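# Observations on the model geometry
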Amino acid sequence: MTAYIIRRIFFMIPTMFGIMLVAFVVVQFAPGGPVEQVIAKLSGSDTGATSRISGSPGGDFGNRGLVQGGSQVDAVNSKYRGAQGLDPEFIKKLEKQFGFDKPAYERFGLMLWNYARFDFGKSYFRDVSVLQLIKEKLPVSISLGIWMTLLTYLISIPLGIKKAVDDGSRFDMWTSSFIIVGYAIPGFLFAILLIIVFAGGSFSVFGHTLDWFPLRGLFSENWPQLPWYSKITDYFWHLTLPIISMALSAFATMTLLTKNSFLDEIRKQYVLTARAKGCTQNQVLYGHVFRNAMLIVIAGFPGAFVHAFFTGALLIETIFSLDGLGLLSFESVLNRDYPVVFATLFIFSLIGVVVNLISDLTYTWIDPRIDFETREV
């Protein structure tokens, strides 16, 4: 097993290199950049998220046919739209400040060298280190990821077992219908529905709106003054709607996965043998079937948590005004804050490949009969 782990760790190096290379190349061809962001702020032109992909004069695709020539200022204008009237030396200083005075291959090599030493630099526009930014946003994403994963497993596993035992019954068909409908509803759309109904939206009952849950944030304004038990209540009160919105699709996936895993095991010969020996239903399920059926479910826990932690909360964080890692990454991409973009991509990808290894090792911890080293290559 040690040789397998070492081999997997060495495979992480080309994987991370490929991820960063593809992302870096894509960024080189993406319109806009941090220099244009600064120029836009100085000139007052609009290079926001919508204008970048539209044909507006301030956007990346606007004024593409305008050609100016002659002076040094015009040469600058041909490279950075909106730089009319700005000193070319100032533009060069901006390029040096953001590192664009070096060729692309040199910037990529320097980035890899810094990332190998876990030196992620500072944000272009926030004047704070990237690690400090991630540390500030981490509590929100951890809260969403942990509670969503725990809620999903605590409900989906018992429900999946019940559906497998009562396969084909009315209970199984009705619950499957609700699960499929829930899976088909996008999480962000369900979040908006919850806000409209339960967070003081336009929905009303007998003329009264149901303002049962807070609309935004993770804590109330008076949270520091609350006693410890009220702080816990307030914390979960704010988390209720975001967690329900995020867990909708994961809940359906985990329930059906558990059901199918148990059905595969229940139909095997050793289950019939256990029942023939006089074992009760619970003895068969939890003494024989459970360990084999839960192998794929439990082994997938690290991956499910990381998925919820890093990728599942972007729109939910935006809708409920939760300042987490998903929102940070999205805003950094729109603002062309490349240190934050590449650092978060590197950290998330590294955690992803490590968790993928942990998930594979979990199979061997649950079932010692599985040995990856004996596989033929």
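Right, let's walk through the structure included here.

With a phi close to 55°, Phe 118 is a non-glycine residue in the positive phi region. Its place among the elements puts Phe 118 in the loop between helix H6 (104-116) and helix H7 (130-165).

In this structure, the largest pocket occupies an estimated 530 Å³ of space. Lining the largest pocket we find 22 residues, and of these Phe 98, Met 111, Asn 114, Tyr 124 and Pro 339 sit closest to its centre. Those elements that place two or more of their residues in the lining of the largest pocket are helix H1 (2-29), helix H5 (88-98), H6 and helix H17 (338-366). For the lining of the largest pocket, the leading source of residues is H6, giving five residues. Across the lining of the largest pocket, the residue classes break down as 12 nonpolar, six polar and four charged.

If you walk through the whole model with that rule in mind, you get seven salt bridges. Of the charged contacts in the structure, one is a salt bridge between Asp 166 and Lys 162, with a shortest N-O distance of 2.8 Å. With a relative accessible area of 22%, Asp 166 lands in the partly exposed category. The class for Lys 162 is partly exposed, based on a relative accessible area of 41%. When salt bridges that share partners are traced, they join Lys 163, Asp 167, Asp 172, Lys 259 and Arg 267 into one network.

In this section: the nonpolar core. Membership of the largest hydrophobic core comes to 27 residues, with the highest contact counts inside it found for Met 20, Met 111, Tyr 115, Phe 120, Phe 342 and Phe 346. Of all the secondary structure elements, the ones that give two or more residues to this core are H1, H6, H7, helix H16 (325-334) and H17. Broken down by element, the residue count for this core peaks at 10 residues, all from H17. What Phe 120 contacts, discounting residues up to four positions off in sequence, is Tyr 115, Val 130, Leu 131, Pro 339, Ala 343, Phe 346 and Ile 347. Judged by nonpolar contacts, the second largest core, of 20 residues, contains Leu 144, Leu 194, Phe 213 and Ile 243.

Further remarks concern the packing of aromatic side chains. The tally for this structure, following the rule as stated, stands at 16 aromatic pairs. Ring geometry for Phe 17 and Phe 108: centres 5.8 Å apart, planes at 70°, overall edge-to-face. Pair noted here: Phe 17 is in helix H1 and Phe 108 is in helix H6, with a separation of 91 residues, a long-range link. Look at Phe 17 and you get partly exposed, because its relative accessible area is 41%. Seen from their ring centres, Tyr 115 and Phe 120 are 5.0 Å apart, and the 55° between their planes marks the pair as tilted.

What follows is about the packing of helix H11 (residues 269-276) against helix H12 (residues 281-293). Contact geometry for H11 and H12: axes closest at 10 Å, N-to-C directions at 155°. The orientation of H11 relative to H12 falls into the category roughly antiparallel. Handedness of the crossing formed by H11 with H12: right-handed. Every residue of H12 that contacts H11 at Tyr 270, Val 271, Ala 274 and Arg 275 is listed here: Gln 281, Val 284, His 288, Val 289 and Asn 292. When grouped by side-chain class, the residues that make up the contact of H11 with H12 number five nonpolar, three polar and one charged.

The rules behind the values
Residues numbered from 1 in each chain as written. Predicted model: local features only at pLDDT ≥ 70, side-chain atom pairs only at ≥ 80, totals over all residues. Heavy atoms only, no water. Helix = DSSP H or I, 4+ residues; strand = E, 2+ residues; numbered from the N terminus. 1 Å grid on protein atoms, 1.4 Å probe; cavity = no way out; pocket = protein on both sides within 12 Å on 5 of 7 lines; lining within 4 Å. Points joined across faces, edges and corners; volume = space filled by probe spheres on them. Nonpolar A, V, L, I, M, F, W, Y, C, P; charged D, E, K, R; others polar. Salt bridge = Lys/Arg side-chain N within 4 Å of Asp/Glu carboxyl O. Buried < 20%, exposed > 50% of the residue type's maximum accessible area, 1.4 Å probe, protein only. Core = buried A, V, L, I, M, F, W, Y, C linked by side-chain atoms within 4.5 Å. Contact = heavy atoms within 4.5 Å. Phe/Tyr/Trp six-rings, centres within 6.5 Å; stacked < 30°, edge-to-face > 60°. Axes fitted to C-alpha atoms, helices over the stretch in contact; angles between N-to-C directions. Parallel < 35°, antiparallel > 145°, perpendicular 65-115°, else oblique. Left-handed = near helix turned anticlockwise from the far one by under 90°.

These results come straight from atomic positions and should not be treated as a statement about function.
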